[in-house]
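Per-entry structural report
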Amino acid sequence: MTAEAERVLETLVAEHGRTFAEEAGIRLQNTPQPLYRTLVMACLLSARIRGSVALATSRALHEAGLRDPRRMADAGRQERVDALGRGGYRRYDERTATQLGDGAELLLTRWGGDLRRMREAAGGDPAELRGLLREIPGLGPAGVDIFLREVQRVWPEVSPHLDAKALQGAARLGLPERPDRLVELAGDTEPAVLAAALVRAALDRAVVEDCLRQTRKPRSRAG
């Protein structure tokens with residue numbers, strides 16, 4: 001089982017091991033702007049809307065200049081609605097535009113617009129950090145998980161973060177549903193990359209079928 005599980009994970013990561021931040025065009029670093037853009041992306045992805053639309057909208061907000069809390073807060077509500085619409089995020093545009101404005105104001109007032117200050121206040125305690133993140137308008141439990149899955153790349157104290165959605169992907173692939181075991185089987189794969197690949201398996205059955213088909217192909221014999 002171990003060798004087969006390792007092959008499944010190797011195939012999954014090779015084909016689908018791209019973080020959602022990367023797909024949204026975010027070069028994630030432990031600096032204010034990319035952290036904020038990742039937070040906004042997490043808010044968008046947590047709504048009941050296609051992931052591709054949420055990622056396109058994340059890029060549209062960036063292109064509109066709404067890439068940090070100050071610019072987001074200073075933008076008029078209609079400006080935010082328009083940017084959301086350009087990304088295709090129309091179903092929740094009015095509510096989301098309000099939440100993005102309120103969230104930006106909270107970040108500016110309490111954390112000086114810098115999520116690293118929130119991280120520092122949490123003192124390395126993931127549960128405390130989770131509670132602080134939940135105070136941001138529009139960021140529910142699913143959004144917090146998305147954010148932590150991504151930022152574990154630069155905030156090692158929350159790594160490995162393989163949430164329920166990632167473990168759902170593991171179950172679909174017939175893999176162990178224990179984070180520590182998955183990390184062990186994945187070898188040198190970054191937990192953020194592993195988590196993103198597993199989430200894609202949870203979201204798209206075709207990913208699972210393709211991965212298992214490739215893994216189970218008979219290997220050709222030399223000679």
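Just so we're clear, the structure is a prediction, and the values are computed from it rather than from any experiment. (Residues numbered from 1 in each chain as written. Predicted model: local features only at pLDDT ≥ 70, side-chain atom pairs only at ≥ 80, totals over all residues. Heavy atoms only, no water.)

When helices and strands are counted, the chain shows 14 helices and zero strands. Of the regular secondary structure in the chain, the N- to C-terminal order runs α-α-α-α-α-α-α-α-α-α-α-α-α-α. Computed over the C-alpha atoms, the radius of gyration of the chain is 19 Å, within 12% of the 17 Å expected from 2.2 N^0.38 for a compact globule of 223 residues. The principal-axis extents of the C-alpha atoms in the chain amount to approximately 70 × 40 × 25 Å. Counting only residues that meet the buried cut, the chain has 49% of its 223 residues in that class. Accessible surface, the chain: about 10,900 Å² in total, of which carbon and sulfur atoms supply 44%. Of the side chains in the chain, 35 bear a positive and 32 a negative charge, and the two mean positions are spaced by 4 Å. (Helix = DSSP H or I, 4+ residues; strand = E, 2+ residues; numbered from the N terminus. Rg over C-alpha atoms; globule rule 2.2 N^0.38 Å. Buried < 20%, exposed > 50% of the residue type's maximum accessible area, 1.4 Å probe, protein only. Areas by Shrake-Rupley, 256 points an atom, 1.4 Å probe, with all protein chains shown as cover. Lys, Arg positive; Asp, Glu negative; His and termini not counted. Charge placed at Lys NZ, Arg CZ, Asp CG, Glu CD.)

Here we come to the packing of aromatic side chains. All chains considered together, the criterion is met by one aromatic pair. Ring geometry for Phe-147 against Trp-155: centres 5.9 Å apart, planes inclined by 80°, an arrangement best described as edge-to-face. Residue Trp-155 is classed as buried on the basis of its relative accessible area of 0%. One cation-aromatic arrangement involves Arg-200 over Phe-20; the distance from NZ or CZ to the ring centre is 4.1 Å. (Phe/Tyr/Trp six-rings, centres within 6.5 Å; stacked < 30°, edge-to-face > 60°. Lys NZ or Arg CZ within 6 Å of the ring centre and 35° of its normal.)

What follows is about the nonpolar core. Within the largest apolar cluster, 76 residues are counted, with the highest numbers of intra-cluster contacts made by Leu-133, Leu-173 and Leu-198. If you tally residues by element for this core, the top one is helix H3 (residues 32–45), at nine residues. In this structure Leu-198 touches Leu-9, Leu-12, Lys-165, Ala-166, Gly-169, Ala-170, Leu-173, Leu-175 and Leu-182, once residues within four positions along its chain are discounted. (Core = buried A, V, L, I, M, F, W, Y, C linked by side-chain atoms within 4.5 Å. Contact = heavy atoms within 4.5 Å.)

Mapped onto the elements of the fold, Thr-19 is located in the loop between helix H1 (2–16) and helix H2 (20–23). In the structure, Thr-19 is positioned 130 residues away from Arg-149 in sequence and 8.9 Å away in space, judged by C-alpha atoms.

This part covers the confidence of the model for the chain. Per-residue confidence for the chain gives a mean pLDDT of 93; residues scoring 70 or more make up 96%. The lowest-confidence element of the chain is helix H14 (residues 205–215), averaging 90 in pLDDT; the highest-confidence one is helix H8 (residues 115–122), averaging 98. (pLDDT = per-residue confidence, 0-100.)

Among the residues of helix H11 (residues 164–172), those classed as buried are Ala-166, Leu-167, Gly-169 and Ala-170. The buried residues of H11 all sit within an arc of 150° when viewed along its axis, so they share a single face. Gly-174 sits one or two residues past H11 and shows a positive phi near 75°. (Arc of directions from axis to C-beta.)

Cis geometry marks the peptide bond from Ser-159 to Pro-160; its omega dihedral reads 0°. For Pro-160, the location among the structural elements is in the loop between helix H10 (141–151) and H11.

Turning to H8, a few remarks are in order. When we look at burial in H8, the residues that qualify are Leu-115, Met-118 and Ala-122. The arc enclosing the buried residues of H8, seen along the axis, measures out at 50°, which places them on a common side. Along its buried surface, H8 packs onto H3, helix H7 (93–111), helix H9 (126–133) and H10. Taken from the residues just after H8, Gly-123 is the one with a positive phi, measuring 60°.

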